Amino acid sequence: MGDGVFVSYARVDGADVARRLVRDLGAAGVEAWLDRRELYGGVAWRRQIVDAIGDAAYLVLVLTQAALESDVVAWEWQVARRLGVCVLPVRADPGLDVALAPRWMGDLHWYSLDEEWETFVAALRRPCEAGRVPFMAADLPSGYVPRRRELAAAKPLLVGEHGAPTAGAMALHGPGGYGKTTLALGLCHDDDVGAVFHDGVLWVSLGRQPDLLTELDRVHRALTGAPTGAVDVAGAAEVVRSRLRDRRCLLVVDDVWEPAHVKPFLHRDSRSVRVVTTRQFAVVEAVVEAVSDVGRLRIDTMTGPEAVDLVTHDLAADPRDLEPYRRLVDRLGAWPLLVNLARSALRTRVARGASAEAALSAVAEALDRRHLTAFDATDPDERNQAAAVSVAVSLELVAGDDVAAWAELAVFPEDTRIPLGTLARLWGSDRFEAEERALRLADASLLQLDLGQAAIEVHDVLLAVAQQRVGDLGPLHRRLLDAWGDPHDLPADDGYAWRWVVHHLVGAGRTDTMRELLLDPRWLERRLAAVTVEALLGDFTHVPDEEPHRTIRETLRTSERTLATDARQLPGQLRGRLLSARVPGLASVLDRAGRLPGPRLVPVRASLRVPANVPHDDVAMHDSPVVGLAIADGGRIAVSASAGGVLKVWDVATGALLRTIDADRVEADPPPPPWETRRPTWGGRRGPLLAGFPGVRHAATFAGGRLTVWDLDGGTRLRELTDVGSPHEYGDGAVPAGGLVVTPDGRYVVLARDSVVAWDQETGEVRTVAANRATTLALSGDRRVVTGSSHLNAAYGPEAVPANALLVFDLDTGLTIRSLAGHPCGVNAIAVSADGRLVASAPNPGLYLYQDPCPRLWNVDTGEHLRVFDGHLHTVTAVAISSDGRHVVTGGGNCFQRYGSEFTVRLWDAETGELRAAVNAHTGPVAALLATPDNRWAVSAGGLCVQALAGAEQGTSYGTHDGSIRLHDLATATLAATFQADDAVTVMVLAGPHTVVAGGLDGAVHLLRIDGAVDL
């Protein structure tokens, strides 16, 4: 949604008012534009109007008599409501008949510009707060003639006397082609029905072989703009049910063939109402069983008067003698589908100069020549034969090329909307020619054309006739595929191609091409963006069950929950699970998966669970949670530490495990008492503290009161101090934490625990820099450290919180340089800019919400408090600052539901303090944040929430495991890529400018390369 004003009006009596309004708004500094629809026509005009309305914040409706009677203006209102654009009516005619306005408009204020100009302009300057009102139903067919008897029977089943729904569902059942779908469309477009179901109209078409997960996703996208995120139909149905529980929507489930297909859309505890259309009585019974208060309506043939009304609808004058028309509709069985074909044939002949009587006679003669006198509407064979005859009569009036083009529609699947662009490719024409041909065929009632959506649909009865005419569909499938070009690189803007390419490949007999495509990670990713994981898994049934296809299929199944919401993770999931696999033909697939255009987080080593029955090398990982990570030797070596006290040394370039330093060599902290498992784990550390030496292959650890320097090549102790601080003792309200760093030149190892001590590696001198207890520590330049403390948290009450939460020390002198005062509570995390000049801090307000949760920015050189970043509601768990100091990134993590969860990543402008973006990136607390040295990316990691069960005994808990690692573009303040781990992330560091190392609660160590090339 944009920030301008779109002015909608009827040209007949509103153009002058609209032009003056645009001129006056411009003079008032409000950008406004007219729809200028007189300059456009057809699909192009409608698309431009939709785009223009979408670019506006407000649609101003110039209310005149013609505007209230105009279908085009009404369509513009509907578009605005569907896009969430605010509608402001302006009364241009004092004598306007208000009764013509739709009911929803009665709730709006109608502005009189002569009296309310200033108020009107002020309203346009305020932010629009309208929500989207989804409307998924198609436009009514051209020349729509309502079936008054059926509408009169159906509406009371939906709309009560007091404007409330009267039933939980309605089932429309009857044979195919009898008008069930058209009746449902008529209900969706009825003003009375729309007024009752003010939260929107939803529509799914199922057919014989529906993709239920995709249809549920479509409904959820219409409601929220996002997919359900579910991996199966049951999960998606539950998500949709929760969205509809408090909404009053009308949900049409059209063309249901099996009871099992409709059940995911039926729920008792919903304010929304379902309308189900079906040919099968068993489906009606399923609806009755699942939903209380079901209205049932059988849709049979049209009544004689209705059928005569339809067949004569387009004639210039009402015929004096209706009897011949009655005979015509009788021989067509009053079947709406066939009556509509006859109507189009009559209209075409009259348009070419024939009289109504001559046109009727010609149609009757054509039916006689094909021996259609009457048929048994209950006999499917006779119905199909009658349809074929009626189609043949209609095709007599269609140009030869159009006849062949219509028959070629047989190549498309049933119950599918086909874009005009796809038709153009099939027919070898341009878009305009395809639209013109579709208009001609729609005039003959051989298809339905929706200009707003630039697509057609063909009734399955007519599609069956077309298929009978063509016979072998293989050449048509091949022609369409050839028109698309390289199947590895289908047109990016053709959603139909990506959804149905497999249907056409199978129809064309191109199994070898299918085998190649299913080994192409780029194709798999783009295909998955158009279909569900379930559908993609179904693609593998069309190729032999062989390797490496079998392994890729099982990997997709293992990663199904992740891929259901983010198709772009497919290459990362393949590499993360299969880089250790021993499967012939797989290496080239994984190599291509690692070289796709970005931005991406590309696994360097296998670190995810390998699918069952896939032969593979052992995946190196810890047998307990990873609690520490460090980088050594100029970024070439990564070291991980586990809660059990084990160190593992990794080659950053290859991901290979170089060495394991056994548990008996590194003493671990004692386990926490049972009550500690009830607390959120963002501030806790188990096992050794860990730091790497930048220039050599050494690392330092602290555990059990011992500070040790290790030779990572040999796995031996180089130096060790004992009794340095005490092992952590747990006490009520204490948060176990600490910090360990090594200065860039390797001179000092600095430990923050019960006190801050610096160990000089050249002289062996140990100096106590500060006696205060510190729980977080960072370097600020070569010889300065910044410490923060969160151990005096809200459990002790706000009066016990230190006044100065940040302290800056000089390591050479051992002196405190300055105190950075400002936080009224403890500090969870700190981050320092590359030049050591700026420090950002993340506060820990504990559970006391009146304490300040705002991160802060300081100048270390001057001690100046530069910025307060106001936006987080609760505890801030992580912070990062870009190398140039221009961007600050913060992450939240309140796990206590009674205070409301907040797991956002917020991107701030460090120079102004303005919030650039708040991304709901995680489902658990943000465990870590990083900023890359090139100032381009920030990386966030989702951790673990542990909470006590309500009323449970002490120590009984449940957890939410996020485990996502997300890449954020600092320039655009957008989420760029995601890698989903199998378990929560506990710690994360950078190894070089574009390599992320992350440790997991499950003991996994992930090495991810940041690829920042242009996206697909």
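Before any of the text, the structure's been laid out above.
What you see is a predicted model, and the numbers here were worked out from it, not measured in a lab.

Caption draft 1: Highlighting the overall build of the protein chain. Within the protein chain, the secondary structure is distributed over 30 helices and 46 strands. A total of 1016 residues make up the protein chain; the buried ones form 56% of that total. Partitioning the contacts of the protein chain with sequence separation of at least 6, the portion at a separation of at least 24 is 61%. Carbon and sulfur atoms form 48% of the exposed surface of the protein chain, whose accessible area is close to 40600 Å².

Caption draft 2: Examining the sheet that holds strand 19 (residues 698–703) more closely. Overall, antiparallel pairing links the four strands, which are arranged 18-19-20-21 in an open sheet. Here the strands that pair on one side only, and so sit at the sheet edges, are strand 18 (689–692) and strand 21 (716–721). Ignoring strand direction, the axes of neighbouring strands in this sheet form an average angle of 20°. Relative to strand 19, strand 18 runs antiparallel, the two sharing four bridges. From the neighbouring strand, Leu689 faces strand 19, where its bridge partner is Phe702.

Caption draft 3: Fine view of helix 30 (residues 586–593). Taken together, the buried positions of helix 30 are occupied by Leu586, Val589, Leu590 and Ala593. On an axial view of helix 30, the arc spanned by its buried residues comes to 95°, and they lie on one face. Buried-residue contacts for helix 30 involve helix 25 (521–530), helix 27 (549–558) and helix 29 (570–578).

Caption draft 4: Looking closely at the packing of aromatic side chains. Evaluation of the coordinates by the stated rule reveals seven aromatic pairs. Ring plane angle 75° and centroid distance 5.6 Å describe the contact between Phe412 and Tyr496, whose orientation is recorded as edge-to-face. One end of the pair, Phe412, is in the loop between helix 18 (400–407) and strand 10 (418–419); the other, Tyr496, is in helix 23 (residues 495–508), with 84 residues separating them in the sequence. Each member of the pair Phe412 and Tyr496 is classed as buried. Three or more aromatic residues link up through ring pairs in this structure, and these residues are Phe412, Trp484, Tyr496 and Trp500. Taking the ring centre of Trp257 as reference, the NZ or CZ of Arg208 above it sits at 4.0 Å. We note Arg437 situated over the ring of Trp427; from NZ or CZ to the ring centre the distance is 5.1 Å.

What counts and how
Residues numbered from 1 in each chain as written. Predicted model: local features only at pLDDT ≥ 70, side-chain atom pairs only at ≥ 80, totals over all residues. Heavy atoms only, no water. Helix = DSSP H or I, 4+ residues; strand = E, 2+ residues; numbered from the N terminus. Buried < 20%, exposed > 50% of the residue type's maximum accessible area, 1.4 Å probe, protein only. Contact = heavy atoms within 4.5 Å. Areas by Shrake-Rupley, 256 points an atom, 1.4 Å probe, with all protein chains shown as cover. Pairing = 2+ DSSP bridges. Axes fitted to C-alpha atoms, helices over the stretch in contact; angles between N-to-C directions. Arc of directions from axis to C-beta. Phe/Tyr/Trp six-rings, centres within 6.5 Å; stacked < 30°, edge-to-face > 60°. Lys NZ or Arg CZ within 6 Å of the ring centre and 35° of its normal.

Any link to function would need more than the numbers given here.
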